[in-house]
Amino acid sequence: MASHNERVPDWLLERLAAGELPAAQARALRERLSAAGDRDRLDALDASNAEILTAHPADKVVAEVRRRAGLLAWGA
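A. Representation of the packing of helix α1 (residues 10-17) against helix α3 (residues 39-55) within the structure. In contact at an axis separation of 10 Å, α1 and α3 are set at 60° when each is read in the N-to-C sense. As judged from the angle between their axes, α1 and α3 are oblique. The two elements α1 and α3 meet at a crossing, and its hand is right-handed. Within the contact between the two elements, α1 uses Asp10, Leu13, Glu14, Leu16 and Ala17 and α3 uses Arg41, Leu42, Leu45, Asp46 and Asn49. Taken together, the residues that form the contact of α1 with α3 break down as five nonpolar, one polar and four charged.

Right, dumping it as structure tokens:
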């Protein structure tokens, strides 16, 4: 991982928010963000993700993707 003095890159923050990091790495990264006073970036990302999921519920998105995939399968 990068030095504790470096800003956490956006791509790594995204992985943290998505729950894609091993527990120990996620814990260390959260501590690093808090120590740097940069926890607001993760909070903002979490809030944005929640807004997107509220506006686009997974079941509706899945149904639309399937519908479009069916149209593509038939060449429409």
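B. How the structure looks around the environment of Glu14. Structurally, the position occupied by Glu14 is in helix α1. Among the residues examined, Glu14 registers a relative accessible area of 41% and is labelled partly exposed. Taking the C-alpha atoms as reference, Glu14 lies 8.3 Å from Leu42; in sequence the two are 28 residues apart.

What counts, and at which threshold
- Residues numbered from 1 in each chain as written.
- Predicted model: local features only at pLDDT ≥ 70, side-chain atom pairs only at ≥ 80, totals over all residues.
- Heavy atoms only, no water.
- Axes fitted to C-alpha atoms, helices over the stretch in contact; angles between N-to-C directions.
- Helix = DSSP H or I, 4+ residues; strand = E, 2+ residues; numbered from the N terminus.
- Parallel < 35°, antiparallel > 145°, perpendicular 65-115°, else oblique.
- Left-handed = near helix turned anticlockwise from the far one by under 90°.
- Contact = heavy atoms within 4.5 Å.
- Nonpolar A, V, L, I, M, F, W, Y, C, P; charged D, E, K, R; others polar.
- Buried < 20%, exposed > 50% of the residue type's maximum accessible area, 1.4 Å probe, protein only.

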